[in-house]
Structure formats: C-alpha cells, structure tokens
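One-letter residues, chain by chain:
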Amino acid sequence: MSIKTFLFTFVVTLCCLLPSQEANAADKRLSLSGSSTIAPLISEIARRFEAEHKDFRIDVQTGGSSRGIADARRGLSDIGMSSRALHDEEKAGVKTHILAMDGIAFVVHAKNPIKNLSAAQARQIYTGQISNWKQLGGEDAEMTIIDRAKGRSEQELMTKFLGIKSPEVKANLTCGENQQCLKLVTGNAHAITYLSVGTSEYEVNRGTPIRLLDFEGIPASVATVKDQSFPLVRPLVLITPERLPEEVEEFLNYSLSNKVDDLIKGQAFVSTH
Amino acid sequence: MDRYVFREGSFTVITWLSGIAVFAIFALLVFDVFYHSGLFSLEFLFSDVKGAGREGGILPVIISTSLIVLTCSVVSLPIALGSAYFLFYFSRQNTRISALLRVSLDVLASTPSIVFGLFGSAFFCLYLDLGFSILSGGLTLACMILPAVIRMCEEGLSATPEEYGLQAAALGMSKTALFFHVLLPAALPTLSAAVLLGIGRALSETAALLFTSGYVLRMPESLMDSGRSLSIHIYDLAMNIPGGDQNAYRTAAVLLGMLFVINSVALASMNFCAGRVIRK
C-alpha cells in the first residue's frame, strides 16, 4: 500500500463514517441548563417526554445552580435548574416552579454510635468548638469534619440554617459532589458531613456503611422531608420566564405532574405530590 | 567496593526500579478499573442508556465520543502537518520568528484544558453560534491538541537527514514532491506517534468538553447535536449519580480498551506502510 492509497482509504473511511446531516423532524427544541443535582433527573424526564411527544427535542446541560438561574434570566436557555431557593434579587422577571424537594442530613459512618445531633451541636462542630466524638458521648476519637465546597447549595443552606458565616466554618476537608463526600465518609469511621437525604437514604438501602443522624430529634428520611417536619430542606426549582411559550409550558406541566413521580423517586428525591 | 562498580551498579538498579514503577502504576490502574467493572457483556456497548446511566448501556456515548474525536482529527491533522512543515523550513534557517512561534506553541501546549474549554465555549458556541454541539467540542479539542502535535511532527521532520533536502534540490524535485515522497514516509513513525498521542489526549478529555459538546445523552443525529463523551459520562456517573459507580468503572474499562485498540492498530498499520514505502 503506497502512502497515497493509504491517505485515500483514510479520507473515504472518514466520509463514510460521517453521519448524514439530514434535518430532523423535531421542530420543537427546548434547552435546559443549571444544577448538576437536577440534571440527571430532568434528563430522564425529558427522555420519557420525548418518547411520548415525537416532535420535541430537549437538551439538558449542567453548570451549577447559579448558571441555571443566570441562563434562564438572560434567555440563554428555556428553563433553568436550581437546587436552592432563589435570592430576592434573582427573582425579578422569572417564575419558579418546585419540581421536587430534597433534605440535607448530617451523615456519619455506620460504626459511629452517635444517633442524633442538635443544631447547637452542629454549630459547635462546624465552628471548631467540638472536635472529638467524646464530647458528644461517642468514643474517644478526633472528628474528621467535612465541609461542602463554597457556593454549593448544600453549604449555603447549612450555614444559613445554623446562623454561621461561610468564612467561620472550620473543617478538615472540603468536598464537592455528593458521591465524593459519600466516599470520604464510607472510608473514614470518624468523619461527619452533610448530604442530600435522598441520596444518603438510597446509599443506605444499597448497604453503604453510613448513617443519617436525627436532626433536632427528627429522623432524617424521605418521609420527614415529604411531610415537611424535617427542618433542613431545599427545593429543586425550575426557572422560566414570566410569560411561558407554549412548548415550554407543555414540558413544564409534564415535569410537574405525577406522571414523573417514579423518576423523582428513582433519582432519590422527594416528590411534592 | 570499587567506586566504578558501585556507580554503575546503582545506576542500573535505579533505571530498573523506575521502569518497574511505571509498569506497576499502569498495572494497578488497569487492575483497579477491571476489578471494579467486573465482567460485563458486550450488550453494554450496544444498548441505550437507561436511568441516567445507572442502567443500560453506553451506545450514544460511544457514538458521540467517536464523532468528537473524528471531527477533531479531521480538522487538526492537515493543519498540524502543514504548520509542522512550515516550522521545519523556518527551523533550518533558525529565524527569530521561528523561535517566537516555537515558544508560543510550547506555552499553548501546556495550557490547562479548562482554559481551552472556556475559549471554545466563548468562541465556537456563542460567537460562531454553534451552540452545545459535537462540532464545537471537536473544534475545541483540535485547538487543544494542535500545539503539542505540531511540535512533535516538527521534531519528526527535523530528525530526517539534512541531505534529503539537498539531494532533492539537486534532482530538481519540487517542495511538494520532497514532502510527500521523501520526508513524509521517512518521518511517518514519529508523525503517527504524534497524531496518536493527540487523539489519545482528545479521547480522554473532560474539562474542555463540558462547556462545548455538552451533557446530552441522546443518540446524536448530526454534528450540530450536543453529545456526551465517555470521560464526561464517567465523571457524571462517579460524582453525580447515586449508584452509578459500577457503570462508571465499566465505561472507564471501555475507554481504556478503546485507547488500547486505537493505539495498537494505528501503530501497526503505520509501521507496516512505512516499511513498504521505504523498501520501494
């Protein structure tokens, strides 16, 4: 094979591999962007919606809650996704719709004998006043205190609830995504962190060695989040312009209906129905 | 002990140890991935994604990845070869421009990929209005791998004997003929290695693609569709999806397998035709 033949074969193969650029029949296109917590759930909802409505194409992109809010406000995407309630100054010109709820629970390793935590204790832990499990009646061991990355909605919710400012938080480690935090706790018997209730409960049911601590005497579970007795909850929000285009409304109504309850449960969140 | 023997002996030991260390790291990595992924059927490769990736296969992800890498190589290969030839001529004259070009290429080659991601998102997605698409992703990756590939291709061309140019001139060969009939075949092994390293880097890229080719799990229908690459799929499964670990490891195993196959097939075929050309 000469080099020319080789190049020729190469180019021909490439041309064959390129897909046809035919326009698709789908004429209603929606784009969503924002929270990486909601993205997997909304992707699944979009998948089911597309199967039922053949003329729709829904593209989901991630990038974080703040980006979702900004994109929706600037009209860069049709629907924004945020895993925290919007600040007052973010609410102008947009409408919010609660897709599902999620709680934030304090989570320790399953070997840890501690069963519950009060808000005062949590504040002392995260401001560095308690650093040994003995002080809470546990075994004599140094705590590994894990904080969530600044700017994540969990961190914002936790610090706001406990009334501490983000720079006052004293922690040994900081982690970003839920799964990363879970891996840190399952690998360290003296660790404590705070995590999505749905995700944690899902992992407990799979046999992951972690325990959700009762908070202020209320057990942390999907049930207490649903009946709103659990204090630390966050809404998973969809953000749209105030005047809804027809196709946005159609998808939105579908997402907020009880037809997607099984998908919400499947992604370890709590449906509002 | 004789100082000479000691010096030579310790040098040998250190060389061997570093060799073993590199192999051990590679072996550990492969073992870790395949240990956790377990045995999985080929159906995983050929079925659609279900449950946000937790169940089902990864067919759309494989197709998207291949299209991204294909776009990237189709765009970057000719540009890389052309610029390398251009630089190669400059380097024989060693001008100030060539030195400047080389320094800027080296700086670009060591730029973190997230910077290319942001550039691609601003330039291809927003300014050129390509949106989140496989095309934007491929073009961004092309920008990202070009500097390194150009530099390596240039090294390959420079490694050919200087007499080739003189002999070609004496025979009245055109520059095009010199390039296609003499230099390209002679430098082919190095060039193919350069291209493969570039494609390998493109295949395993995450950060640059997150903001350009996007996160969509659907089967792509054209280059203008958003499509998720294997590495982003692994990242999302491992970090974002409860219970996604098993499939994250499986996807990682597929990615490693793809890298391995592409590397060995391309190397073998390039060596094969290089041998043929030179004998002729």
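Remember, it's a predicted structure, so these values are computed and weren't measured experimentally.

Digging into the overall build of chain B
Tallying secondary structure elements over chain B gives 11 helices and 2 strands in all. Residues classed as buried in chain B amount to 45% of the 280 residues present. For chain B, long-range pairs separated by at least 24 residues make up 73% of all intrachain contacts whose partners lie at least 6 apart in sequence. Looking at chain B as shown, the accessible area adds up to about 14,200 Å², and 72% of this sits on carbon and sulfur atoms. A distance of 8 Å separates the average location of the 16 positive side-chain charges in chain B from that of its 17 negative side-chain charges.

Notes on the overall build of chain A
Scanning chain A from terminus to terminus reveals 10 helices and 11 strands. Structurally, chain A occupies a C-alpha span of about 75 × 60 × 35 Å along its principal axes. Considering only contacts within chain A whose residues lie at least 6 apart along the sequence, 73% involve residues at least 24 apart. Per element, the accessible surface of chain A, about 12,400 Å² overall, is 52% carbon and sulfur. Considering chain A, the positive charge centre built from 31 side chains and the negative charge centre built from 33 side chains are found 4 Å apart.

Topic: the domain arrangement of chain A
Often the size quoted for an interface is simply the accessible area lost on bringing the parts together. Residue and element names in this part refer to chain A. Entries for chain A in the domain assignment read domain 1 (26–100 + 235–266) and domain 2 (103–226). Placing a centre on the C-alpha atoms of domain 1 and another on those of domain 2 gives a separation of 29 Å. Between domain 1 and domain 2, the contact holds 6 residues from the first and 5 residues from the second. When domain 1 packs against domain 2, the two sides together hide about 400 Å² of surface, and 32% of this comes from carbon and sulfur. Our count for the contact surface shared by domain 1 and domain 2 stands at 1 salt bridge. Linking Arg 84 and Glu 156 is a salt bridge whose minimum nitrogen-to-oxygen distance equals 3.7 Å. Applying the counting criterion to the domain 1 and domain 2 interface returns 2 residue pairs in polar contact (both at pLDDT 80 or more).

Some remarks on the packing of helix α4 (residues 96–109) of chain B against helix α6 (residues 134–158) of chain B
Residues and elements named next belong to chain B. Where α4 contacts α6, the two axes come as close as 8 Å, and the packing angle between them is 130°. With respect to their mutual orientation, α4 and α6 come out oblique. Where α4 crosses over α6, the handedness of that crossing is left-handed. Residues Arg 102, Leu 105, Asp 106, Leu 108 and Ala 109 of α4 touch α6, and the partners they reach there are Pro 147, Ala 148, Ile 150, Arg 151 and Glu 154. Along the lines of polarity and charge, the residues of the contact of α4 with α6 split into 6 nonpolar, no polar and 4 charged.

What about the pairing of strand β1 (residues 28–34) of chain A?
Residue and element names in this part refer to chain A. Sheet topology places β1 next to strand β2 (residues 56–62); 7 bridges connect them, and they run parallel. Bridging from a neighbouring strand, Leu 32 pairs with Val 60 of β2. Handedness of the crossover joining β1 and β2 through helix α2 (residues 39–52): right-handed. Pairing geometry for β1 and strand β3 (residues 79–82), over 3 bridges, is parallel. By the bridge assignment, Ser 33 is partnered in β3 with Gly 80.

Comments concerning the pairing of strand β4 (residues 94–109) of chain A
Residue and element names in this part refer to chain A. Burial runs high along β4: 13 of the 16 residues are buried. Note that β4 and strand β11 (residues 233–241) share 9 bridges and pair antiparallel. Across the sheet, the residue bridging to Asp 102 is Arg 234, located in β11. Sheet topology note: the β4/strand β8 (residues 191–196) ladder contains 5 bridges and is antiparallel. Note on β8: the bridge partner recorded for Val 107 is Thr 193. By the bridge criterion, 3 bridges tie β4 to strand β9 (residues 210–212) in an arrangement that is antiparallel. Considered in β9, the bridge of Val 108 is made with Arg 211.

Overview of helix α8 (residues 175–203) of chain B
Given a rise of 1.5 Å per residue, 29 residues ought to cover 42 Å, yet the end C-alpha atoms of α8 of chain B are separated by just 34 Å, more than 12% below that figure. Along its length, α8 of chain B shows its largest kink, about 65°, at Leu 188 of chain B, and proline Pro 189 of chain B lies within four residues downstream of that point.

Here's the deal with the state of the cysteines
With the rule as written, the count across this model stands at 1 disulfide over all chains. Between the sulfur of Cys 175 of chain A and that of Cys 181 of chain A lies a disulfide, 1.9 Å long from S to S. With respect to burial, Cys 175 of chain A and Cys 181 of chain A carry one shared label: buried. No disulfide involves Cys 125 of chain B; its sulfur sits 12 Å from the nearest other cysteine sulfur, which is in Cys 143 of chain B.

Comments concerning the nonpolar core
Residues Phe 106, Ile 125, Tyr 126 and Ile 192 of chain A are the most contacted members of the largest nonpolar core, which totals 41 residues. Those elements giving two or more residues to this core turn out to be β4, α4 (119–126), β6 (144–148), α5 (153–162), α6 (178–186), β8 and β9 of chain A. In terms of residue count, the dominant contributor to this core is β4 of chain A (6 residues). In terms of nonpolar packing, the next biggest core, distinct from the first, is built from 33 residues, Ile 68, Leu 87, Leu 146 and Phe 179 of chain B among them.

Regarding the packing of aromatic side chains
According to the stated counting rule, one finds 18 aromatic pairs over all chains in the structure shown. Pairing Phe 49 of chain A with Phe 56 of chain A gives two aromatic rings, centres 5.0 Å apart and planes at 70°, and the pair type is edge-to-face. Each member of the pair Phe 49 of chain A and Phe 56 of chain A is classed as buried. An angle of 75° between the planes, with centres 6.1 Å apart, marks the rings of Phe 119 of chain B and Phe 124 of chain B as edge-to-face. For Phe 124 of chain B, a relative accessible area of 8% puts it in the buried group. In this structure an aromatic cluster arises from ring pairing among Phe 106, Tyr 126, Phe 161, Tyr 194, Phe 215 and Phe 230 of chain A.

Focus: the domain arrangement of chain B
All names here are of chain B. Each domain of chain B was delimited in the assignment, giving domain 1 (1–37) and domain 2 (43–279). On a C-alpha basis, the centroid separation for the pair domain 1 and domain 2 is 30 Å. Of the roughly 560 Å² buried between domain 1 and domain 2 on both sides combined, carbon and sulfur atoms contribute 74%. Summed over the three residues of domain 1 that lose the most area to domain 2, namely Val 33, His 36 and Ser 37, the buried surface amounts to 69% of that side. At the junction of domain 1 and domain 2, the tally comes to 0 salt bridges. Remark: the boundary between domain 1 and domain 2 carries 1 residue pair in polar contact (both at pLDDT 80 or more). Of the residues in the side of domain 1 that touches domain 2, the class split is 3 nonpolar, 2 polar and 1 charged.

Calculation notes
Residues numbered from 1 in each chain as written. Chains lettered and ligands numbered in written order. Predicted model: local features only at pLDDT ≥ 70, side-chain atom pairs only at ≥ 80, totals over all residues. Heavy atoms only, no water. Helix = DSSP H or I, 4+ residues; strand = E, 2+ residues; numbered from the N terminus. Buried < 20%, exposed > 50% of the residue type's maximum accessible area, 1.4 Å probe, protein only. Contact = heavy atoms within 4.5 Å. Areas by Shrake-Rupley, 256 points an atom, 1.4 Å probe, with all protein chains shown as cover. Lys, Arg positive; Asp, Glu negative; His and termini not counted. Charge placed at Lys NZ, Arg CZ, Asp CG, Glu CD. Domains from an automatic or database assignment. Buried area = accessible area lost by both parts, 1.4 Å probe. Salt bridge = Lys/Arg side-chain N within 4 Å of Asp/Glu carboxyl O. Polar contact = N/O pair within 3.5 Å; in protein donor to acceptor, adjacent residues only side chain to side chain. Axes fitted to C-alpha atoms, helices over the stretch in contact; angles between N-to-C directions. Parallel < 35°, antiparallel > 145°, perpendicular 65-115°, else oblique. Left-handed = near helix turned anticlockwise from the far one by under 90°. Nonpolar A, V, L, I, M, F, W, Y, C, P; charged D, E, K, R; others polar. Pairing = 2+ DSSP bridges. Right-handed = clockwise from strand over helix to strand, strands pointing away. Expected span 1.5 Å × (residues − 1). Bend = angle between axes of the 7 residues up to and from the residue. Disulfide = S-S within 2.5 Å. Core = buried A, V, L, I, M, F, W, Y, C linked by side-chain atoms within 4.5 Å. Phe/Tyr/Trp six-rings, centres within 6.5 Å; stacked < 30°, edge-to-face > 60°.

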